[in-house]
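# Coordinate inspection notes
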Amino acid sequence: MPKRVLLAGLFHETHTFLDGTTALADFSVRRGAELLEATGDGSPLSGALEVATSCRWTLLPAVDLRATPSAIVDDAVLDFFWDQFRSAYERERRAGLDGIFLVLHGAMACTSFRDVEGELIDRIRSLPGARSLPLCGVLDLHGNLSRRTIEQSQGLIAYRMNPHTDARQAAVNAALLLDRILTTGQQPVSVFEACPLMLPPTATGTADEPMKTLEAMARQAEEDDPNLAAVNVFAGYSFADTYDTGLSFSAVTFGDPEDARQSLRKLRDYALANRQLAHVVERPLAECVPRILECIARGRTPIAIVEPADNIGGGAPGDAPTILKMLIENRIERAAVVLNDPEAIGALAGLPIGRSRRLRLGGKANRLTDPPLELEVSLVSRSDGRFQLEDRESHLASMYGVRIDMGPCAVIQSSGVTILLTSKKTPPFDLGQLRSQGIEPEKLSAIGVKAAVAHRRAYDRVTKESFTVATPGPCSSDLRIFPFQHVRRPIVPLDQIEF
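Residues numbered from 1 in each chain as written. Predicted model: local features only at pLDDT ≥ 70, side-chain atom pairs only at ≥ 80, totals over all residues. Heavy atoms only, no water.

### Focus: the pairing of strand β20 (residues 465–470)
A regular strand places its side chains on the two faces of the sheet in alternate fashion. Inspection of the sheet shows strand β10 (residues 283–284) paired to β20 by 2 bridges, in the parallel sense. Across the sheet, the residue bridging to Arg 283 is Val 469, located in β20. As judged from the 4 bridges shared by strand β11 (residues 303–306) and β20, these two strands associate in the parallel manner. Residue Val 306 lies in a different strand from β20, and its bridge partner there is Thr 468. (Pairing = 2+ DSSP bridges. Helix = DSSP H or I, 4+ residues; strand = E, 2+ residues; numbered from the N terminus.)

This is the structure we're talking about:
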């Protein structure tokens with residue numbers, strides 16, 4: 001008999017230090033058969049659908065919600081998800097259920113629950129008959145995981161790469177694990193180990209230390225112990241004020257749980273012994289300008305000017321005008337930046353292509369960024385802002401699949417700088433974003449990039465140099481500036497700890 005598996009997704013990375021809230025209207029919502037529309041789109045959800053087809057499950061799609069990283073989430077979002085999930089569960093349970101598969105992030109927080117994933121799994125386990133059902137799923141590498149989330153599940157598997165080029169594959173692996181449980185009847189155990197260390201996003205790239213060695217150690221542990229189905233390294237998401245924020249590790253084992261715990265403790269010990277590798281603070285932009293100008297003068301172009309403090313993929317609004325101002329003040333022509341500024345797009349309404357207007361750009365969405373920059377601009381083009389990813393394994397595919405909607409867009413120019421204005425903040429993780437608007441990145445002298453690490457797969461292919469700079473914004477790599485109240489203490493770098 002085909003195995004009957006309930007499928008659902010709830011995906012958000014929550015920046016709890018931002019003003020305002022993220023409402024249900026900010027989420028894309030799929031219900032029932034609409035989840036099947038993700039087939040082949042490169043997302044984690046598509047990976048689960050792949051396995052469901054190959055393993056001939058009777059798939060029971062419930063609901064999928066996802067939104068761009070942003071402020072704390074309204075309780076109404078969790079309430080809506082839970083109503084949809086519970087209704088699907090109760091309906092399908094009458095015909096029998098064999099398992100549950102979840103597509104989660106791991107760092108979602110709402111007004112009443114700072115650990116949404118833990119709350120969700122608690123609720124699922126309280127449903128009639130659900131306590132004994134195998135529960136597997138996929139998680140983002142940046143999850144802030146709790147013990148209750150891990151230890152009440154049979155097989156949650158994290159992405160192993162940042163940029164997240166393996167998000168679909170991680171979901172495939174988790175779904176195959178669920179199929180193994182369903183077909184063999186073997187029941188694995190999940191174990192968890194927290195670590196009193198927070199990493200800024202700029203320290204979470206898996207090509208860099210400490211994540212490079214931690215991931216290598218995790219893969220070696222899997223190879224050495226055939227009972228270990230998965231060892232997960234969660235780099236954490238440091239802009240979330242929750243008890244569980246920080247680096248953590250988990251493992252799924254069909255063997256002795258104590259052996260698995262020993263493997264996790266080795267990872268924890270390495271991370272703490274090498275905690276100085278996680279101390280990443282960028283040089284101020286002003287200090288980098290002479291070197292930027294030198295590279296341009298020598299023809300070492302294009303260069304990327306990377307701005308983690310306004311990292312859209314980390315929850316920032318993506319409208320800081322700091323890089324734009326520097327480009328104009330230093331008369332750097334053939335440069336480009338992207339600003340998320342729906343107000344500026346509205347102010348261009350009715351302006352004919354090729355005509356000019358005075359415009360206030362950026363600096364409107366967050367008190368920590370520089371104020372708006374007023375410039376005379378000429379309108380180059382307008383579009384609906386839709387494009388398809390050039391790279392189906394882009395970090396952006398892990399969030400949305402391959403079809404991206406930036407909302408209504410406009411391309412403008414000022415003093416030789418090209419500015420792409422979007423009305424929906426869109427992480428700069430795929431060069432199709434620029435090319436779809438007629439901007440060829442290879443022909444530019446400099447490109448402002450609002451990211452931390454996830455842009456590298458796209459931009460490293462075309463840029464000759466890259467400068468990661470400190471600017472004002474809500475995603476600073478200096479974690480000591482944030483007013484943490486709920487995080488487990490003591491924790492590095494907020495506290496001095498002797499190990």
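Having seen the structure, we can now continue with the description.
### A short note on the packing of helix α6 (residues 211–224) against helix α7 (residues 257–273)
Contact geometry for α6 and α7: axes closest at 10 Å, N-to-C directions at 165°. Between α6 and α7, the crossing angle belongs to the class labelled roughly antiparallel. Between α6 and α7 lies a crossing of right-handed hand. Taking contact as the criterion, the partners of Thr 213, Leu 214, Met 217, Ala 218 and Ala 221 in α6 are, on α7, Ser 263, Lys 266, Leu 267, Tyr 270 and Ala 271. (Axes fitted to C-alpha atoms, helices over the stretch in contact; angles between N-to-C directions. Parallel < 35°, antiparallel > 145°, perpendicular 65-115°, else oblique. Left-handed = near helix turned anticlockwise from the far one by under 90°. Contact = heavy atoms within 4.5 Å.)

### Comments concerning the packing of aromatic side chains
One pass over the full model with this rule turns up 6 aromatic pairs. When the ring of Phe 17 is compared with that of Phe 482, the centres are 5.1 Å apart and the planes differ by 35°; the resulting orientation is tilted. With Phe 17 in the loop between β1 (4–11) and β2 (28–31) and Phe 482 in the segment after β20, this pair connects stretches of sequence that are 465 residues apart. Judged by centre distance (5.8 Å) and plane angle (15°), the ring pair of Trp 82 and Phe 85 falls under stacked. Remark: Phe 85 and Trp 82 occur in helix α2 (residues 75–93); sequence separation between them is 3 residues, near one turn of the helix. Residues Trp 82 and Phe 85 agree in their burial class; the two are buried. (Phe/Tyr/Trp six-rings, centres within 6.5 Å; stacked < 30°, edge-to-face > 60°. Buried < 20%, exposed > 50% of the residue type's maximum accessible area, 1.4 Å probe, protein only.)

### What to know about the environment of Asp 384
Within the element layout of this structure, Asp 384 appears in the loop between β14 (373–383) and β15 (386–388). Separated by 42 residues in sequence, Asp 384 and Thr 426 have C-alpha atoms that sit 14 Å apart. Discounting chain neighbours no more than four positions away, the residues touching Asp 384 are Asp 405, Gly 407 and Pro 408. For Asp 384, the side chain forms a polar contact with the main-chain nitrogen of Arg 386, separated by 3.0 Å. (Polar contact = N/O pair within 3.5 Å; in protein donor to acceptor, adjacent residues only side chain to side chain.)

### Quick notes on the pattern of salt bridges
Evaluation of the coordinates by the stated rule reveals 37 salt bridges. In this structure, Arg 160 and Glu 222 form a salt bridge, with 2.6 Å as the shortest nitrogen-oxygen distance. With a gap of 62 residues between them, Arg 160 in the loop between β6 (155–158) and α5 (167–184) and Glu 222 in helix α6 connect regions that are remote in the sequence. Its relative accessible area of 23% is what places Arg 160 among the partly exposed residues. A relative accessible area of 15% places Glu 222 in the buried class. Residues joined by salt bridges that share partners form a network here, namely Arg 160, Glu 215, Arg 219 and Glu 222. (Salt bridge = Lys/Arg side-chain N within 4 Å of Asp/Glu carboxyl O.)

### As for the nonpolar core
Counting 83 residues, the largest nonpolar core has Trp 57, Phe 101, Leu 197, Leu 214, Val 231, Leu 247 and Phe 249 as its most contacted members. Sequence-distant contacts of Val 231, defined by excluding residues within four places in its chain, comprise Ala 218, Arg 219, Ala 221, Glu 222, Ser 250, Ala 251, Leu 264 and Leu 267. If you look at the next biggest cluster of nonpolar residues, it comprises 40 residues, including Val 63, Val 77, Trp 82 and Cys 110. (Core = buried A, V, L, I, M, F, W, Y, C linked by side-chain atoms within 4.5 Å.)

### Some points on the state of the cysteines
Under the criterion given, the structure shown has 0 disulfides. No disulfide involves Cys 288; its nearest neighbouring cysteine sulfur is the one of Cys 295, lying 11 Å away. Since its relative accessible area comes to 4%, Cys 288 is described here as buried. (Disulfide = S-S within 2.5 Å.)

### Some thoughts on the packing of helix α1 (residues 44–54) against α5
At a minimum axis distance of 7 Å, the contact between α1 and α5 shows a crossing angle of 40°. Relative to α5, α1 is oriented so that their crossing is right-handed. Residues Pro 44, Ser 46, Gly 47, Ala 48, Glu 50 and Val 51 of α1 touch α5, and the partners they reach there are Ala 167, Arg 168, Ala 171, Val 172, Ala 175 and Leu 176. Split by residue class, the contact of α1 with α5 holds 8 nonpolar, 2 polar and 2 charged. (Nonpolar A, V, L, I, M, F, W, Y, C, P; charged D, E, K, R; others polar.)

### Some remarks on the sheet that holds strand β8 (residues 228–234)
Pairing is antiparallel across the open sheet formed by 3 strands, whose spatial order is β7-β9-β8. With one partner strand each, in any of the chains shown, β7 (189–194) and β8 form the two edges of the open sheet. Direction aside, the axes of adjacent strands within the sheet are offset by 15° on average. Here β8 runs beside strand β9 (residues 248–253); their pairing, made up of 6 bridges, is antiparallel. Looking at β9, one finds that Val 233 is bridged to Phe 249. In the packing of α7 onto the sheet, contacts are made with β7, β8 and β9, and the angle to β7 comes to roughly 25°.

### Some thoughts on the sheet that holds β1
Here we have 6 strands laid out as an open sheet, ordered β2-β3-β1-β4-β5-β6, and mixed in their pairing. Unpaired on one side and paired on the other, β2 and β6 mark the two borders of the sheet. With strand direction ignored, the average angle separating the axes of adjacent strands in the sheet is 15°. Note: β1 against strand β4 (residues 99–104), 6 bridges, orientation parallel. Residue pairing across strands places Leu 10 opposite Leu 104, the latter belonging to β4. Running at roughly 170° to strand β5 (residues 135–139), α5 makes contact with β1, β4, β5 and β6 of the sheet.

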